[in-house]
Amino acid sequence: MQYVIISGLKARLAASDRHALGRSGTVPDVTVYRGSILNPVAPGKFEYREDGGLAVGRGGRIVRCGSFGSVHSRGSGTVDLRGGIIIPGLVDTHVHLPQYGMVAMDGYELIDWLNNYTFKFESTFENPRVAGARARHFFTALAENGTTAACVYSTVHEEATRRAFGWAERSGLRVWMGKVMMDRNSPDSLREGTAESLAASERLCREWDGTGGGRLRYVFTPRFAPTCSMELMKGAGRLAKKYGAFIQTHLGENLGEVAWVRELFPNAASYTDVYRQAGLLTERTVMAHCIHMGDGEIRMMKAGRSGVAHCPNSNFFLRSGIFDAGRIIGAGLKVGLGSDVGAGTVLSIFREMADACMMSKVRSMAGRGPGRVLAPADAFYLATLGGAAVLGAERDIGSLAPGKFADFVVLDRRYVDPMGTEMPRSGEELVSQIVYRGSRRAVAATYVAGEPVSRGR
Ligand code: GUN
Ligand code: FE
């Protein structure tokens, strides 16, 4: 039944193989994707073209984006996606590859959840064959969910991470990724020696950073302060600097975690100060959560130009706390959205957009300070350009601007709007429907640099 419903758009997509588009069998220099276009331009601001055209050059970069009439020219090929909505590829700034197989296991808050489920599950990645199969499944699912760029934690295992990079490369997606580092307060099966952890991470960085035509980046990944010695974190900071690589970790997620960090690092002024002392607050750093943060900590993050991965679905699931979006965004920090699978229950940035709005409403209903209620257009920005900025990639991806890569998602409007195309909708109405009703089912196709990486499901 599903096939019948979406066959119109699907069939046209199937016929749209770019190499078969040109007149007299030649490949056109420019291919124009024709459909409704929603394009973020600034926080809370977007452009809407009901009959739009996205013109993509042969190199996979966008050459024009606007109304179909103004974008189309003689000699360009056209892919007819009317009835579809074109949006930029979604950016997942925080996700754990090994946890996709254990999503939605309820019953605990953070530390008990890690000890009862997560660490046991991650231990199975010691077997590289298992790790490879799971990685393949994970990247396929990311693309099916409309995610074109993701910042990923692997496990502590070097070989598993190597295989994950191999599948990341084959997936065609843009992937920032690193092997988890932890040298204390972890089960024997996952705890590493400090020097061994640094050496394995450095090897992986040298092998993979900048490969896949620049689509793959290495991320030094000390899991979080409770499972890392200061020596390990400082070493990670040094290596990231040496290679110009990224850093990711967790910060201020859960009150028990914050209290534990205070005990473990009595000489630090705050949780954030632990990372500052370790040299981990850089402009290529992605900090997940940042819920329980003092003003001084936000200032430290700002001074380091580090970015925040807001993961509302995970924060609801683990009962971690209510992120103050207005305060963090208002302080001028870069903010994107993260699924944080497996504490997040769905590998979908659509769900995070909805939950980011919902969480800001919960905050305002609970009377927790002035709080800003996020509009759908705010969430749309965080999921695209905001996330791209967190990953230092806003010049290349995040919106449908000329010169950027053609990373985009084609949505079947029938899966976001129960009235299909029958009712005229404003751009604001469409964005709201996409934010609250978008899902993998609505994704008809996902493209990176003008090439399909998924034909949906
Ligand atoms: N803090 C340290 N490790 C993790 C993890 O795997 N998930 C979440 N949500 N928080 C963490
Ligand atoms: Fe996480």
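The numbering scheme is per chain: residues are counted from 1 as the chain's sequence reads. All chains are assigned letters beginning at A, and all ligands numbers beginning at 1, according to the order in which they are written. Restriction of local features to residues with pLDDT of at least 70 applies here, the model being predicted, together with a cutoff of 80 or more for giving and counting side-chain atom pairs; totals for whole chains, interfaces and linings are based on all residues. No hydrogens and no water enter the side-chain calculation; it runs on all heavy atoms of the structure.

Caption draft 1: Region of the structure containing the side chain of Thr155. Along the polypeptide, Thr155 turns up in the loop between β6 (147–153) and α5 (158–171). For the exposure calls, accessible area comes from a 1.4 Å probe over protein chains only, and a residue counts as buried if that area is under 20% of its type's maximum, exposed if over 50%, partly exposed in between. Note on Thr155: relative accessible area 0%, which makes it buried. Throughout, a contact is declared for two residues whenever any of their heavy atoms are within 4.5 Å. For Thr155, the contacting residues outside a window of four places in its chain are Pro98, Glu122, Phe125, Ala160, Thr161, Lys179 and Val180. Counting from the N terminus, the helices are the DSSP runs of H or I reaching at least four residues and the strands are the DSSP runs of E reaching at least two.

Caption draft 2: Highlighting the nonpolar core. Ile87, Phe139, Tyr275 and Met353 are the most contacted members of the largest nonpolar core, which has 109 residues in total. For Ile87, the contacting residues outside a window of four places in its chain are Leu38, Phe350, Phe380, Leu400, Phe408, Val409, Leu411 and Ile434. Counting 17 residues, the second largest nonpolar core, distinct from the first, contains Leu13, Val79, Ala406 and Ala445. The nonpolar core is taken to be a set of buried Ala, Val, Leu, Ile, Met, Phe, Trp, Tyr and Cys residues, with the residues joined through side-chain atoms within 4.5 Å.

Caption draft 3: Summary view of the packing of helix α14 (residues 376–390) against helix α15 (residues 427–437). Fitted lines through C-alpha atoms serve as axes, helices being fitted only where they are in contact, and the angles separating the N-to-C directions of these axes extend from 0 to 180 degrees. At a closest axis distance of 9 Å, the pairing of α14 and α15 adopts a crossing angle of 65 degrees. Seen along the crossing, α14 lies across α15 with a hand that is left-handed. When α14 is examined against α15, the residues Pro376, Ala377, Ala379 and Phe380 are found in contact with a partner set consisting of Val431, Ser432, Val435 and Tyr436. Each residue gets one of three labels, nonpolar for Ala, Val, Leu, Ile, Met, Phe, Trp, Tyr, Cys and Pro, charged for Asp, Glu, Lys and Arg, and polar for the others, Gly among them. Grouping the constituent residues of the contact of α14 with α15 by class yields seven nonpolar, one polar and no charged. Helix crossings are classified by the rotation of the near helix relative to the far one: an anticlockwise turn of less than a right angle makes the crossing left-handed, while a clockwise turn makes it right-handed.

Caption draft 4: Just the packing of aromatic side chains, in detail. For Phe, Tyr and Trp, rings pair up if their centres lie within 6.5 Å, where Trp contributes its six-membered ring, and each pair is then called stacked (planes under 30 degrees apart), edge-to-face (over 60) or tilted (otherwise). In the structure shown here, the tally under the stated rule is eleven aromatic pairs. Ring centres of Tyr33 and Tyr447 lie 5.4 Å apart, and the angle between their planes is 65 degrees; on these two criteria the pair is classed as edge-to-face. Here the residue Tyr33 occupies a position in strand β1 (residues 30–42), and Tyr447 occupies one in strand β15 (residues 443–448), the gap between them amounting to 414 residues. Tyr33 gets classed as buried once you look at its relative accessible area, which sits at 1%. Here Tyr447 falls in the buried class, since its relative accessible area comes to 2%. Among the aromatic residues, ring-to-ring pairing joins Phe165, Trp208, Tyr218 and Phe220 into one connected group. Here the basic side chain of Arg61 rests over the ring of Phe405, its NZ or CZ set 3.8 Å away from the ring centre. The criterion for a charge sitting over a ring is simple: Lys NZ or Arg CZ within 6 Å of the ring centre, and within 35 degrees of the ring normal. The residue whose ring lies beneath Arg174 is Phe405, and the NZ or CZ to ring-centre distance is 4.3 Å.

Caption draft 5: Representation of the state of the cysteines. Disulfides are defined as pairs of cysteine sulfur atoms found within 2.5 Å of each other. Going through the model one piece at a time under the given rule, you end up with zero disulfides. Cysteine Cys228 remains unbridged, with the sulfur of Cys151 as its closest cysteine sulfur at 16 Å. Cys311 takes part in no disulfide bond, and the closest cysteine sulfur to it belongs to Cys290, at a distance of 9.3 Å.

Caption draft 6: Expanded view of helix α7 (residues 230–243). Each residue after the first adds 1.5 Å to the expected span of a helix. With 14 residues, α7 extends 20 Å between its outermost C-alpha atoms, agreeing within 8% with the 20 Å of an ideal straight helix rising 1.5 Å per residue. Along α7, the positions that sit buried rather than exposed are Met230, Leu232, Met233, Gly235, Ala236, Gly237, Leu239 and Ala240. For α7, the elements touching its buried residues are β8 (180–181), α6 (194–208), β9 (216–222), β10 (246–251) and α9 (271–278). Once α7 ends, the next one or two residues include Gly244, with phi positive near 65 degrees.

Caption draft 7: Here's a closer look at the side chain of His250. Of note, His250 is situated in strand β10. Judged by its relative accessible area of 6%, His250 falls in the buried class. Apart from residues lying up to four places away in sequence, His250 is in contact with His94, His96, Tyr153, Arg223, Phe224, Tyr271, Tyr275, Ala288 and His289.

Caption draft 8: Layout of the site of ligand 1. His96, Gln99, Leu110, Trp113, Leu114, Arg223, Phe224, His250, Glu253, His289, Asp340 and Ala343 make up every residue found near ligand 1. N or O atoms closer than or at 3.5 Å make up a polar contact, with two conditions inside protein: a donor-capable atom paired with an acceptor-capable one, and, for residues adjacent in sequence, both atoms drawn from side chains. At 2.7 Å from an oxygen atom of ligand 1 is found a side-chain nitrogen or oxygen belonging to Arg223. A distance of 2.7 Å separates a nitrogen atom of ligand 1 from a polar atom in the side chain of Asp340. When the free accessible area of ligand 1 is taken as 270 Å², the share hidden by the protein chains comes to 100%. Ranked by residues supplied to the shell around ligand 1, first place goes to helix α3 (residues 110–123) with three residues. Across the shell around ligand 1, the residue classes break down as five nonpolar, four polar and three charged. Being near a molecule or strand, for a residue, comes down to having at least one heavy atom within 4 Å of it. All accessible areas in this document rest on Shrake-Rupley with a 1.4 Å probe, and a residue is counted as covered only by the protein chains that are shown.

Caption draft 9: Focus on the sheet that holds strand β4 (residues 77–88). The strand order β3-β2-β1-β4-β14-β15-β16 describes an open sheet built from seven strands, whose pairing is mixed. Looking at strand neighbours, the two that pair on one side only are β3 (62–67) and β16 (451–454), the edges of this open sheet. Pairwise comparison of adjacent strand axes, ignoring direction, gives a mean angle of 40 degrees for this sheet. DSSP calls a pair of strands paired once it identifies at least 2 bridges connecting them. Sheet topology note: the β1/strand β2 (residues 45–57) ladder contains eleven bridges and is antiparallel. Of the residues in β2, the one forming a bridge with Val32 is Ala55. In the packing of α14 onto the sheet, contacts are made with β1, β2 and β4, and the angle to β1 comes to roughly 115 degrees. Here α15 sits on the sheet in contact with β1, β2, β4 and β14 (408–412), set at roughly 80 degrees to β2.

Caption draft 10: Structural view of the pairing of β14. In terms of burial, β14 is a largely internal element, five of the five residues being buried. Where burial is concerned, the two faces of β14 agree: the one with Phe408, Val410 and Asp412 and the one with Val409 and Leu411 are both buried. Inspection of the sheet shows β4 paired to β14 by five bridges, in the antiparallel sense. Its bridge partner being in β14, Ile86 is matched across the sheet by Val410. Where β14 meets β15, four bridges bridge the pair, whose relative direction is antiparallel. Bridging from a neighbouring strand, Leu411 pairs with Val443 of β15.

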